[in-house]
Amino acid sequence: MSDKILVIGEMRDGTLRNVSFEAIAAAKKIDDQAEIVGVVLGDEDLEAQATEMIYYGADRAVALKNEKLKLYTPEGYSQALMRVIEKEAPAGIVMGHTAAGKDLTPKIASKLGTGLISDVTEIESDGDQPVFIRPIYSGKAFEKKVITDGITFVTIRPNNIAALKADSSRTGDVLVEDVEITDLRTVIKDVIRKASEGVDLSEASVIVSGGRGVKSADGFKPLYELAEVLGGAVGASRGACDADYCDYSLQIGQTGKVVTPDLYIAVGISGAIQHLAGMSNSKVIVAINKDPEANIFNVADYGIVGDLFEVIPLLIEEIKEIKK
Ligand code: FAD
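Here is a short report on the structure shown in this document. These numbers were taken from a predicted model, which means no experiment stands behind them.

1. Observations concerning the overall build of the protein chain
Consideration 1: A count of helices and strands for the protein chain gives eight helices and 17 strands.
Consideration 2: Taking 324 residues into account, the globule formula puts the C-alpha radius of gyration at 20 Å, and the protein chain, at 21 Å, falls close to it.
Consideration 3: By its C-alpha atoms, the protein chain is 60 × 45 × 40 Å across when sized along the principal axes.
Consideration 4: With 324 residues in all, the protein chain has 49% of them scored as buried.
Consideration 5: Taking contacts inside the protein chain between residues at least 6 apart in sequence as the whole, the part at least 24 apart equals 64%.
Consideration 6: In the form shown here, the protein chain has an accessible surface area of approximately 16,200 Å², with 48% of it arising from carbon and sulfur atoms.
Consideration 7: Positive and negative side-chain charges of the protein chain, numbering 35 and 50 respectively, have mean locations separated by a distance of 4 Å.

2. Quick notes on the nonpolar core
Consideration 1: Membership of the largest hydrophobic core comes to 31 residues, with the highest contact counts inside it found for Val-7, Ile-24, Met-53, Val-94, Phe-132 and Ile-156.
Consideration 2: Counting residues per element, the ones that place at least two in this core are strand E1 (4-8), helix H1 (18-30), strand E4 (35-42), helix H2 (47-55), strand E5 (60-65), strand E7 (117-120) and strand E11 (152-156).
Consideration 3: Broken down by element, the residue count for this core peaks at eight residues, all from H1.
Consideration 4: With near-sequence residues (within four places) excluded, Ile-156 lies in contact with Val-19, Glu-22, Ala-23, Ala-26, Val-94, Met-95, Gly-96, His-97, Val-120 and Ile-161.

3. Observations regarding helix H4 (residues 99-112)
An α-helical segment advances 3.6 residues per turn. Residues three or four places apart therefore align on the same side.
Consideration 1: Over its 14 residues, H4 runs 21 Å from end to end, which matches the ideal 20 Å to within 8%, given 1.5 Å per residue.
Consideration 2: Ala-100, Gly-101, Leu-104, Thr-105, Ile-108 and Ala-109 are the residues of H4 that are buried.
Consideration 3: For H4, the elements touching its buried residues are helix H3 (74-88), strand E6 (92-96) and E11.
Consideration 4: Just beyond H4, the residue with positive phi is Gly-113, at close to 65°.

4. Quick notes on the packing of aromatic side chains
Consideration 1: Counted under the stated rule, the structure contains two aromatic pairs.
Consideration 2: Between Phe-21 and Tyr-56, the aromatic rings sit 3.7 Å apart at their centres with planes inclined by 10°, giving stacked as the arrangement. Here Phe-21, found in helix H1, pairs with Tyr-56, found in the loop between H2 and E5; they are 35 residues apart in sequence, far enough to count as distant.
Consideration 3: Measuring from centroid to centroid gives 5.0 Å for Tyr-72 and Tyr-77, while their planes differ by 75°, and the two rings are edge-to-face.

5. Here's the deal with the site of the ligand
Consideration 1: Near the ligand lie 26 residues; those nearest to it are Arg-212, Ser-237, Thr-255, Ser-270 and Asn-289.
Consideration 2: Between Arg-212 and the ligand, the recorded distance is 2.7 Å, taken from a backbone N or O atom to an oxygen atom.
Consideration 3: Interatomic distance of 2.5 Å between a side-chain N/O atom of Ser-237 and an oxygen atom of the ligand.
Consideration 4: In isolation the ligand exposes 990 Å². Once the protein is present, 76% of that is buried.
Consideration 5: Looking at the shell around the ligand, the elements that each hand over two or more residues are helix H6 (238-242), helix H7 (273-279) and helix H8 (308-323).
Consideration 6: Of the residues belonging to the shell around the ligand, the class tally is five nonpolar, 15 polar and six charged.

6. So, the sheet that holds E11
Consideration 1: A sheet is described by the order of its strands in space; here seven strands give the open sequence E7-E11-E6-E1-E4-E5-E12, paired in parallel fashion. Each end of this open sheet is capped by a strand with a single partner; those strands are E7 and strand E12 (174-178). Taking the axes of each pair of neighbouring strands and ignoring which way they run, one obtains an average angle of 20° across the sheet.
Consideration 2: The sheet contact formed by E4 and E5 spans six bridges and is parallel.

7. Some points on the environment of Thr-105
Consideration 1: Here Thr-105 lies in helix H4.
Consideration 2: Once you skip the residues sitting within four places of it in the chain, Thr-105 turns out to touch Met-95, Leu-116, Phe-153 and Thr-155.

8. Concerning the pairing of E4
Strand residues, when the strand is regular, have side chains that alternate between the two faces of the sheet.
Consideration 1: With seven of its eight residues buried, E4 lies for the most part within the structure.
Consideration 2: Here E1 runs beside E4; their pairing, made up of five bridges, is parallel. In the sheet register, Leu-6 faces E4, and the bridge partner there is Val-37.
Consideration 3: Running through H2, the crossover from E4 to the neighbouring parallel element E5 is right-handed.

9. Looking at a nonpolar patch on the surface
Consideration 1: A contiguous nonpolar patch, built from Leu-71, Ile-188 and Val-191 and spanning about 220 Å² of accessible area, is present on the exposed surface.
Consideration 2: Within the element layout of this structure, Ile-188 appears in the loop between E12 and strand E13 (206-210).

10. Quick word on the sheet that holds strand E15 (residues 263-267)
Consideration 1: Taking strand neighbours across the sheet as the criterion, the five strands line up as E14-E13-E15-E16-E17 in an open arrangement whose pairing is parallel. Taken across any chain shown, the strands that pair with only one partner, and hence form the sheet edges, are strand E14 (233-236) and strand E17 (302-305). Across the sheet, the mean angle from the axis of one strand to that of its neighbour is 20°, orientation sign disregarded.
Consideration 2: On the sheet, helix H5 (residues 221-230) packs against E13, E14 and E15 and is oriented at approximately 175° with respect to E13.
Consideration 3: Against the sheet, H8 touches E15, strand E16 (284-289) and E17, its axis set at about 135° to E16.

Parameters at a glance
Each chain carries its own residue numbering, running from 1 in the written order of its sequence. Reporting of local features is limited, given that this is a predicted model, to residues whose pLDDT is at least 70; pairs of side-chain atoms are given and counted only at 80 or more, and all residues count toward the totals for whole chains, interfaces and linings. Neither water nor hydrogens contribute to the side-chain values; these are computed over all heavy atoms in the structure. The helix count covers DSSP runs of H or I at least four residues long, the strand count covers runs of E at least two residues long, and both are numbered beginning at the N terminus. For the radius of gyration, the atoms used are the C-alpha atoms, and the globule rule reads 2.2 Å times the number of residues raised to 0.38. The classification of residues rests on relative accessible area computed with a 1.4 Å probe and restricted to protein chains. Under 20% of the type maximum is buried, over 50% is exposed, and intermediate values are partly exposed. Residue contacts are defined here by distance: any two heavy atoms, one from each residue, within 4.5 Å place the two residues in contact. For the accessible areas, the method is Shrake-Rupley and the probe is 1.4 Å, while residue cover comes only from the protein chains on display. Under the convention used here, Asp and Glu are negative, Lys and Arg are positive, and both His and the chain ends fall outside the count. Charged groups are reduced to one reference atom each: NZ for lysine, CZ for arginine, CG for aspartic acid, CD for glutamic acid. Here, nonpolar core means buried Ala, Val, Leu, Ile, Met, Phe, Trp, Tyr and Cys residues that are tied together by side-chain atoms lying within 4.5 Å of each other. Helix span is expected to be 1.5 Å times the residue number reduced by one. Aromatic rings from Phe, Tyr and Trp, taking only the six-membered ring of Trp, are treated as a pair when their centres fall within 6.5 Å; an angle between ring planes under 30 degrees marks them as stacked, one over 60 as edge-to-face, and anything in between as tilted. Distances are taken per atom, and a residue is near a molecule or strand as soon as one of its heavy atoms is within 4 Å of it. The definition of a polar contact used here is a pair of N or O atoms within 3.5 Å, where within protein one atom must be able to donate a hydrogen and the other to accept one, and adjacent residues in sequence count solely through side-chain atom pairs. Residue polarity is assigned by list, with Asp, Glu, Lys and Arg as charged and Ala, Val, Leu, Ile, Met, Phe, Trp, Tyr, Cys and Pro as nonpolar; anything else, Gly included, falls into the polar class. Here, a strand pair is defined by DSSP locating no fewer than two bridges between the strands. With axes taken as lines fitted to C-alpha atoms, and helix axes fitted only over the stretch in contact, angles between N-to-C directions fall between 0 and 180 degrees. Call a crossover right-handed when, viewed with both strands pointing away from you, the route from the first strand across the helix to the second goes clockwise. Without a salt bridge and with relative accessible area above 30%, a residue can belong to a patch; like charges are then joined within 9 Å and nonpolar side chains (Val, Leu, Ile, Met, Phe, Trp, Tyr) within 5 Å. A pair is scored as a salt bridge if a Lys or Arg side-chain nitrogen falls within 4 Å of a carboxyl oxygen belonging to Asp or Glu.

Honestly, that's just the spatial picture; any functional story needs more than this.
Okay, structure coming up:
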């Protein structure tokens, strides 16, 4: 492969999301000899973020600046990125498989007339060639893919490829560039956020997830408490969302969020295939269910058969004791 890989950083509230740094580590797995160029986009104060890309392993960074890049739009971002791609002529491009990554990368791949391997969870080497591993059939199987022609363009699933340790002594060129963007056909006037507290579900390393077994919105309270002592976030099955015990923004699964935390605690969740599609790649799975035959135990590393309303308070107490 040629000598340059672009890594597209993703910003949220002015800070780079962790998946941006994981994408740098992925680029190094693709070709550890390549020059890694971090790319950040926004409307102001981009130098610090571009420099952070270097701390996490990029050799240099380009910050693309325009007021139309303040908020993500596929049209604005693809225009800006096409300019940098044309200028840099990279052999590879890596971005997170996030909502923006899923939206943007097929658009760019089609403009470039190149292929795209999305939702990569692991990268192996087959001699000279990187081999990309990605889940298929809702996580029931994995496929291994190689790129035979064109740019090595991939998106990586957050929380799967570990970021390198930040090293603030690393240096590299940071170029802040005003990029030209034509009038956008759709303009975001305002973003109204749903109020949410605590750790962001998609980036949480610990998730305590409740199902229909939690029985009510009040039944979620001990789960919030457990998540808090573990420094994690609360998720849910669709069963719990449909029953109105919690908001749909917590839903994990085929039609919800796909998460890969270090620890996933499934509480009162039966383990339907559509739920497993969103969490079965978690590093350690603990299931708490009163039915010993529940399917969730088939994917769990540790299972507790019991009533969640008895088990969760004991767990909270025990964890608080250990943390003392
Ligand atoms: P249930 O299946 O009712 O399980 C409740 C569990 O709680 C049971 O195992 C029970 O033993 C246990 N329990 C009850 N009381 C207690 C107690 N006191 N202590 C301990 N355990 C207890 N589902 C998703 O989650 N995410 C999706 O994205 C999703 N997408 C879907 C897409 C489609 C097209 C379809 C058709 C379905 C989808 N579903 C999804 C729904 C899915 O099929 C299941 O219906 C849903 O996951 C069930 O939720 P549940 O496990 O909370 O409820």
